[in-house]
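# Coordinate analysis (summary)
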Amino acid sequence: MGTIYISTDDAFIGKTDERLRVRAQKETLLDVPLIKVDGVVVLGRATVSPAALIELLERKIPLSFMTGTGRFLGRLEPELNKNIFVRSAQWRAAGESDRAIHAVQGFIRGKLKNYRTLLLRAQREGITALEPGITRLEQAINPINQTAVIDALRGLEGAGSAAYFGHFGRLLRNGHFSFTNRVRRPPTDPVNALLSFGYALLGHDVQGAINIVGFDPYLGYLHTQRYGRPSLALDLMEEFRPLVVDAMVLAAINRKALTPEDFASEPVSHAVALTDEGRRKFLRLYEQKKQSKFKHPVMGRQCTYQEAFEIQARLLAKYLMAETEQYPPLILK
C-alpha cells in the first residue's frame, strides 16, 4: 500500500490487532494491515491513539502532520539511524569541499537534464515553440561539470529552471488550465497549487528516505543551512521534481483527472488550493506515481520511485564515504 494519507478532519487513527484503522463520524474510512504501511501522513486534524503511536514507532513507520495545503508541521519517527559514519562523512563534506561541489553538480545536472527530457518528449509529441527553452537548458547544463563554485552552480540551476518554467505552460493540453510563471507562497492558480502540493509530498518522502540511510536532513550542500529547513532533503529531491511531480501534474491535467471544480480560491489572499475531493484525487494519483516502476540506470533493475528515493540516498552516502568515485543522479530518458 505504501503511504497512507488521511485528509478527513477529526479522523481517529487507532490500532486493532495488527491493523491500522481510521474512523470518522462513526464510519470506518480505512482498515489495513500494518505490514503494508510505509508511512502515515495527516493532512489537517486527526487524533492518534497511544497504541497506534507505539505500534508505528516500533515498526519504524514515520507519522507526519501537514496542513490541508501541504505545509509541513512536524514528524514523529523512530530513533535516529545508528550509522554515525554516514553523518560524519556528510559533515566533513560541508562547505566548498570537492565532495560537496561534486554532489551539487549531480543534483543540478539531474534536475536540468530531466527538465530537458520532458520538453524533448513534448516536442516529439507535436508541441511547438519549445526549442528556445531546450536550447537555454542545454546552455545551463553544459558548464556544470566545469563549474567549481557552489554559488555559480546555483546560478546555472536558476537559469535552467527559468527556461523550463518559461515553457511549462505549453505542455498543458487542457483549455481549462493555464500556466504563466511559477508562483509559490501562496500559489494563485490551480497549476501552481498542484506543483506546490506535490513538492511538499515529495519532500516528505525524500526526507524519510535520507533518515533511513542515516543522514542529518538539515545539512545540505545546494540549499544553504537555515533553521528548521531540511536542506539535504531539498537537495536530493531536485532530480525527482520533474520525474515525479511535474510529470504527474501534467498527466492529471491533460487526461482530465482533475477539473477546475477541484480547486477553491481564498478571497483575501487569492491563494488557490485543492478542495477536499480534489485533494483525495491528487493523493491517489501521487501514490500511483510513486509506485510506478522503471529501470534504474545505475542499479540495472526495475524499481519504484518510492524505492528510488532510498537508492539515491544510499548512492550519495557511498560517495560521501569514499566508497564510490562519483554520485550518479537519477536521469531518465
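Definitions and limits used
Residues numbered from 1 in each chain as written. Predicted model: local features only at pLDDT ≥ 70, side-chain atom pairs only at ≥ 80, totals over all residues. Heavy atoms only, no water. Helix = DSSP H or I, 4+ residues; strand = E, 2+ residues; numbered from the N terminus. Contact = heavy atoms within 4.5 Å. Areas by Shrake-Rupley, 256 points an atom, 1.4 Å probe, with all protein chains shown as cover. Lys, Arg positive; Asp, Glu negative; His and termini not counted. Charge placed at Lys NZ, Arg CZ, Asp CG, Glu CD. Phe/Tyr/Trp six-rings, centres within 6.5 Å; stacked < 30°, edge-to-face > 60°. Buried < 20%, exposed > 50% of the residue type's maximum accessible area, 1.4 Å probe, protein only. Arc of directions from axis to C-beta. Axes fitted to C-alpha atoms, helices over the stretch in contact; angles between N-to-C directions. Parallel < 35°, antiparallel > 145°, perpendicular 65-115°, else oblique. Nonpolar A, V, L, I, M, F, W, Y, C, P; charged D, E, K, R; others polar. 1 Å grid on protein atoms, 1.4 Å probe; cavity = no way out; pocket = protein on both sides within 12 Å on 5 of 7 lines; lining within 4 Å. Points joined across faces, edges and corners; volume = space filled by probe spheres on them. Salt bridge = Lys/Arg side-chain N within 4 Å of Asp/Glu carboxyl O. Pairing = 2+ DSSP bridges.

## A word on the overall build of the chain
What the chain contains, in helices and strands, is 10 helices and 12 strands. C-alpha extents for the chain along the principal axes are approximately 60 × 50 × 40 Å. Taking the contacts inside the chain whose residues are at least 6 apart along the sequence as the reference set, 61% of them involve residues at least 24 apart. In the form shown here, the chain has an accessible surface area of approximately 15700 Å², with 52% of it arising from carbon and sulfur atoms. In the chain, 45 positive and 35 negative side-chain charges are present, and the distance between their average locations comes to 3 Å.

## Observations regarding the packing of aromatic side chains
In this structure the tally under the stated criterion is 13 aromatic pairs. An angle of 70° between the planes, with centres 5.9 Å apart, marks the rings of F177 and F263 as edge-to-face. Pair noted here: F177 is in the loop between helix 5 (150-168) and helix 6 (190-213) and F263 is in strand 9 (residues 263-265), with a separation of 86 residues, a long-range link. The buried category is assigned to F177, whose relative accessible area is 7%. Centre to centre, the rings of F240 and F309 are 4.8 Å apart; their planes meet at 85°, and the pair counts as edge-to-face.

## A few points about helix 4 (residues 131-141)
Taken residue by residue, helix 4 has G133, I134, L137, A140 and I141 as its buried positions. Each buried residue of helix 4 sits inside an arc of 120° when the element is viewed along its axis, so together they form one side. Here the buried face of helix 4 lies against helix 3 (98-124) and helix 5.

## Describing the packing of helix 3 against helix 8 (residues 240-254)
It is at 7 Å that the axes of helix 3 and helix 8 come closest, and there the two elements cross at 45°. When the axis of helix 3 is compared with that of helix 8, the two are oblique. Along its contact with helix 3, which presents K111, N114, Y115 and L118, the element helix 8 presents R241, P242, L243 and D246. Here the residues of the contact of helix 3 with helix 8 are counted per class, giving 4 nonpolar, 1 polar and 3 charged.

## What about the layout of surface pockets?
By volume, the largest pocket is sized at about 1600 Å³. Along the walls of the largest pocket sit 44 residues, with R184, R185, Y199, L234 and R241 positioned nearest its centre. Of all elements in the fold, only helix 3, helix 5, helix 6, helix 7 (231-237) and strand 10 (272-274) reach the threshold of two or more residues within the lining of the largest pocket. Broken down by element, the residue count for the lining of the largest pocket peaks at 8 residues, all from helix 6.

## Comments concerning the pattern of salt bridges
Counted by the stated rule, this structure contains 18 salt bridges. Of the charged contacts in the structure, one is a salt bridge between E55 and R59, with a shortest N-O distance of 2.7 Å. A residue is classified by how much of its surface remains accessible, and R59, at 30% relative accessible area, is partly exposed. Within the structure, one salt-bridge network assembled from shared partners comprises K111, E157, E238 and R241.

## Quick look at the pairing of strand 1 (residues 2-6)
Counting buried positions along strand 1 yields 5 of 5 residues, so the element is predominantly enclosed. Relative to strand 5 (residues 37-43), strand 1 is paired through 5 bridges, and the arrangement is parallel. What sits directly across from I6, in strand 5, is V42.

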